[in-house]
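Topology and contacts: notes
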Amino acid sequence: MALVDRLRPHVMTLAARTRLALLLGDPVAHSRSPAIHNAAFAALGIEAVYLAARVEASHLGDAVAGLRALGALGANVTIPHKQAIVGHLDALTPVAEAIGAVNTVVPQPDGTLLGTNTDAAGFFEPLRPHAGTLSGAEAVVFGAGGAARAVVYALLTEVRLARLTLVARSPAKAERLAQSFAALDPNGVLHVAEPTHADDYVRDATLLVNATPLGMHGAHEAATPWPAADFRSGQLVYDLVYAPAETRFLREAAARDATPLGGLAMLVGQAAEAFQLWTGQPMPLPPVYRALGA
Ligand code: NAP
């Protein structure tokens, strides 16, 4: 087969019928979402293109009106708009209601815009093979921001943990997070510990999750949410940070025989769920991981 024919399924063609999907955020220049979705559209021959739009907070309402006016295929939402966009949408799914944030907008056949959150499903996907191990076990989540909310939702709804401890530098914020999930926590497994009083919880935990930017490429790269001494074999150490692929948190965990889980699978998982909602088709993962260089 000629090279051009072999490449054809992987090359996007823009035409009059091409639909538009967008990422709304600020900043967006670093985003991997266009690479993920455009690779998936091309691999399946879907006539659509995904672009990242830097939208200032004061223009968010206009941007959402634009999604309606242009008949967009769908949109993702990232920092700082995940909570603010709620007021511009027509309805939310129960998961977006519970998390209090939207990362995916799904246009409905009647023209209304439904907000949902695929971060929780994306987070849990790499843990699904470990669900049996997590049943009755303890977990610690570092951080109390938007990603931590999706993590807590997933852990409260997908597994029966014995204890789920939030460790955050702002304990009052973590307490508010815990209180907002009270309805999903009838057994009271969720509680808050200050970093200086968390050693025992970390040692006893089967799952440790970093939901802070510590370890992320840039100013935080040398940092970790927890020093290495407490890691052990049998622990799952999950970093939501995906750039770099191997953070200090993961490197130190692996060095002590814990199982490291990187954030790229969550990134692809949340994208796959959004893609399915927009197109009705499962995201083809091999071309997506190739596009990400992974
Ligand atoms: P966020 O809402 O800004 O929350 C960040 C959390 O980290 C807050 O609790 C914050 O504490 C804490 N924090 C920030 N700097 C800290 C520091 N120097 N020391 C200790 N704690 C610190 O951000 P987010 O949306 O939750 O994102 C958190 C991380 O998850 C980011 O690295 C993001 O890239 C990653 N993420 C990954 C995926 C994925 O698909 N893999 C998806 C979403 C997010 P304060 O509230 O006190 O500031």
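Preceding this section is the structure that the text describes.
Since the model is a prediction, treat every value here as computed from it, not as a measurement.

Each value, and the rule that gives it
Residues numbered from 1 in each chain as written. Predicted model: local features only at pLDDT ≥ 70, side-chain atom pairs only at ≥ 80, totals over all residues. Heavy atoms only, no water. Phe/Tyr/Trp six-rings, centres within 6.5 Å; stacked < 30°, edge-to-face > 60°. Helix = DSSP H or I, 4+ residues; strand = E, 2+ residues; numbered from the N terminus. Buried < 20%, exposed > 50% of the residue type's maximum accessible area, 1.4 Å probe, protein only. Pairing = 2+ DSSP bridges. Axes fitted to C-alpha atoms, helices over the stretch in contact; angles between N-to-C directions. Contact = heavy atoms within 4.5 Å.

**What to know about the packing of aromatic side chains**
Across all of its chains, the model carries six aromatic pairs by this definition. Each ring, one from F41 and one from F275, has its centre 5.4 Å from the other, and the planes form 35°; the classification is tilted. With F41 in helix α2 (residues 33-44) and F275 in helix α11 (residues 264-279), this pair connects stretches of sequence that are 234 residues apart. When the ring of F123 is compared with that of Y238, the centres are 4.7 Å apart and the planes differ by 15°; the resulting orientation is stacked. Placement of the pair is F123 in helix α5 (residues 119-124) and Y238 in strand β11 (residues 236-239), with a sequence separation of 115 residues. Under the relative-accessibility criterion, Y238 is labelled buried at 0%.

**Things to note about the sheet that holds strand β12 (residues 259-261)**
Strand order in the open sheet made by the six strands is β9-β8-β7-β10-β11-β12, with parallel pairing throughout. Edge positions in the sheet fall to β9 (190-193) and β12, since each has one partner strand and no second. Mean inter-strand twist for the sheet, computed between neighbouring axes without regard to direction, equals 20°. As paired strands, strand β10 (residues 207-210) and β11 are joined by four bridges and run parallel to one another. Each residue of the ladder has a partner; that of L207, found in β11, is L236. Relative to the sheet, helix α7 (residues 146-158) contacts β7 (138-142), β8 (163-167), β9 and β10, its axis offset from that of β8 by approximately 175°.

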